[in-house]
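# Structural features, examined
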Amino acid sequence: SDEQPRMTSERGNLVFHTGSTKNIEFRTGSQGKIKINEDDLAELFSQIRKNKDEILEVKRSIGVLQNVSNQITLINSKIVSL
Amino acid sequence: SDEQPRMTSERGNLVFHTGSTKNIEFRTGSQGKIKINEDDLAELFSQIRKNKDEILEVKRSIGVLQNVSNQITLINSKIVSL
Amino acid sequence: SDEQPRMTSERGNLVFHTGSTKNIEFRTGSQGKIKINEDDLAELFSQIRKNKDEILEVKRSIGVLQNVSNQITLINSKIVSL
Amino acid sequence: VYKQWIPNTNFENASNWDKDRIPCANDVVLFKSNQEISVFVQSTHSLTDMYLPLNGEFIMAPGAGFAAFDGSWHPGCDTGSAVSFTDAEKYKWHDPALWHAATSLEDLDQRKYIFAVDEERVPCQYDDVIFQPETSFRVNIDSSERMIHLRSISIMGQKFTSDAALAEYMQRSSAKLQFHGNGTFQVTNARCPDKSGCECGNAGEHRQICAALLGDSGTRCPVLVCKDPFQPVGHCCEICGATISLEYTPGFDMRQYQNRILHTFLSLPKYAGVQMAISKVRKPQTSRNSVPLIQIVLMDDKMGSQTGTNAEQLAEDIMRDIAEHGDSFGIVTGTVQVATGSNSSGQ
């Protein structure tokens, strides 16, 4: 039936299909990799998470800087107004 | 010919090849997912886009801070030179 | 055997398993794309790398700002203590 | 009648490979680049190298797939060689030899097939056509009449009884790999409305049907041992045996009469080797204003001078029955034609 997965060749393109509610899954072993051309899929995905974490950290640093900046601005305005 | 898609074993690795201008495509139905081990690819993709947006926002914040910082530096230098 | 990398149909899902030490590789020619539903994987991958690079740049900017901020804080404290 | 397509293009069907075996793990598996093919895969295969066609599909049953070859030894696979998937373009819808016919799905399952003249071995307008589930196939539906009329068609477990649903299916890429040629299907979901039977409707395809059966290189009918063999209506070659042609009234009931012959005569041990085909046909030579008649074709498994004698006996039994009870079945007259080995050139 329609729900069976297919590997098709469409004018030389290689296409992997599944039915409407079915998944395509990539499962790696402890040292097995899924490589897409030269890229390791798992590494790229761990980079996405690393990016996410670093963005969080960066935002914290910016928060601190904004606080400091606000305080200094305040002090400066007092000094200037002396 | 060269342009035929191919499936080969290379030292025990399973390799899917296509010709030089041909694609490899993965297609699920509307309710199907692409999963990498336990991760849902759609979520990872949306995380990439989210990261991109957050980086833009972070850069704006840094721009503002740099302006403030420059101004304060200027004021400070004036004060110090008093 | 089960340890060989393989593509199999499991309850209508299409599963790519790597063996514990073996890889599954997808290789297109220089002008071929890897597409996941409508997304071009190469573009997403380059976005991941771009995000990574921009985060680095952002962190450098923050480092500079933190230095400036520290110096100004120092100057201000001196001024205030005058 | 149910007509089931016989050939398949499954990966595990040894006859689909040029080495008459399923490829081994160390073979190079070749599909021609221009080979348009749908291939059903029933289990997991280790492979060294497989060239896929530019346009094709591999449908994977649960548990089926492809794995890398681990270099281990497989029984019967000492040296790797090139194994090619054979040409599937040659299978024609109109080839009588590529169909099994049965009067019920159970009979199909139990391989109780019916005998029919060649035209009627190909699906008729009130037939249900079945492509078995879990099989892939490729069939040339070139048709001189362009339209192929059927009651229904089942493909990979999905039964189509309306033109709209079938037309939608035929647009899919799988359908384009399964069917090629200029024919179009029309499915009516209708049974034969006439209890005296319906013509098959394949008379217009007679030439094509016989060409497919006998090969394009002209007539290659089997050499017959009987004198004056004859050609039943709808058949491609002359036969030895007997035919009875019946003129009938509107009261004639095909199913009822067929059952009478089956139960009264064909079930007798002495007729165990006789095959019967009964259907409504129209004689081609009297094409204008011709009336349909009921044709009963009888062939037996006797050899040499005995060829056809069993069929002849049965024909005589049937004619005696008609003389006694023909009126009650709605039979006006019957004429017999016989060709047996015993009347061959007076031997």
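Here's what I pulled together on the structure shown here.

Reading the values: the criteria
Residues numbered from 1 in each chain as written. Chains lettered and ligands numbered in written order. Predicted model: local features only at pLDDT ≥ 70, side-chain atom pairs only at ≥ 80, totals over all residues. Heavy atoms only, no water. Helix = DSSP H or I, 4+ residues; strand = E, 2+ residues; numbered from the N terminus. Buried < 20%, exposed > 50% of the residue type's maximum accessible area, 1.4 Å probe, protein only. Areas by Shrake-Rupley, 256 points an atom, 1.4 Å probe, with all protein chains shown as cover. Lys, Arg positive; Asp, Glu negative; His and termini not counted. Charge placed at Lys NZ, Arg CZ, Asp CG, Glu CD. Contact = heavy atoms within 4.5 Å. Buried area = accessible area lost by both parts, 1.4 Å probe. Salt bridge = Lys/Arg side-chain N within 4 Å of Asp/Glu carboxyl O. Polar contact = N/O pair within 3.5 Å; in protein donor to acceptor, adjacent residues only side chain to side chain. Nonpolar A, V, L, I, M, F, W, Y, C, P; charged D, E, K, R; others polar. Least-squares fit on C-alpha atoms with pLDDT ≥ 70 in both. Pairing = 2+ DSSP bridges.

### What to know about the overall build of chain D
When its secondary structure is counted, chain D shows 7 helices and 20 strands. The principal-axis extent of the C-alpha atoms belonging to chain D is close to 75 × 50 × 35 Å. The proportion of buried residues among the 347 residues of chain D is 49%. Summed over its atoms, the accessible surface of chain D is roughly 16200 Å², and 49% of this surface lies on carbon and sulfur atoms. Looking at chain D, you have 29 positive and 41 negative side-chain charges, and the mean spots of the two groups are 3 Å apart.

### A look at the interface of chain C and chain B
With 39 residues of chain C in contact, the opposing surface of chain B contributes 38 residues. Area buried by chain C at its contact with chain B is led by Arg27, Asn37 and Leu65 of chain C, which between them contribute 18% of it. Between chain C and chain B we count 3 salt bridges in total. Put simply, Asp39 of chain C and Arg49 of chain B hold a salt bridge, and the shortest N to O gap is 3.3 Å. Seen at the junction of chain C and chain B, the total is 20 residue pairs in polar contact (both at pLDDT 80 or more). Residue assignment for the side of chain C that touches chain B shows that the elements contributing at least two residues are strand 1 (6-10), strand 3 (24-27), strand 4 (34-36) and helix 1 (41-80) of chain C. Here the element with the most residues in the side of chain C that touches chain B is helix 1 of chain C; it accounts for 17 residues. A per-class count over the side of chain C that touches chain B returns 18 nonpolar, 12 polar and 9 charged.

### Looking at the relation of the copies chain A and chain C
Taken as rigid bodies, chain A and chain C are interconverted by a rotation of 122° and an axial shift of 0.2 Å, the fit giving an RMSD of 1.6 Å. Viewed as a symmetry operation, the transformation between the two copies matches a three-fold axis. Closest approach to the rotation axis within chain A is made by the C-alpha atom of Ile48 of chain A, at a distance of 3.3 Å.

### Re the sheet that holds strand 4 (residues 44-47) of chain D
Within a sheet, each strand pairs with its neighbour through backbone hydrogen bonds, oriented either parallel or antiparallel. With mixed pairing, 7 strands are arranged side by side in an open sheet as 5(B)-4(B)-3(A)-2(C)-1(C)-7(D)-4(D). Because the sheet does not close on itself, it has two edges, and the strands there are strand 5 (39-40) of chain B together with strand 4 of chain D. In this sheet, strand 4 (residues 34-36) of chain B lies alongside strand 3 (residues 24-27) of chain A in parallel orientation, the contact comprising 3 bridges. The partner of Phe26 of chain A across the bridge, within strand 4 of chain B, is Ile36 of chain B.

### A look at the interface of chain A and chain C
Every contact between the two is made by 42 residues of chain A and, on the other side, 40 residues of chain C. With both chains or domains summed, chain A and chain C bury close to 3400 Å², and 64% of this area falls on carbon and sulfur atoms. On the chain A side of the contact with chain C, Arg27, Asn37 and Leu65 of chain A bury the most area, a combined 17% of that side's loss. Where chain A touches chain C, the interface holds 3 salt bridges. Our enumeration of links across chain A and chain C arrives at 20 residue pairs in polar contact (both at pLDDT 80 or more). For the side of chain A that touches chain C, the leading source of residues is helix 1 (residues 41-80) of chain A, giving 18 residues. Per-class residue counts for the side of chain A that touches chain C are 19 nonpolar, 13 polar and 10 charged. Note: strand 3 of chain A against strand 2 (residues 13-17) of chain C, 4 bridges, orientation parallel. Considered in strand 2 of chain C, the bridge of Phe26 of chain A is made with Phe16 of chain C.

None of the figures reported here should be taken as evidence of function without further support.
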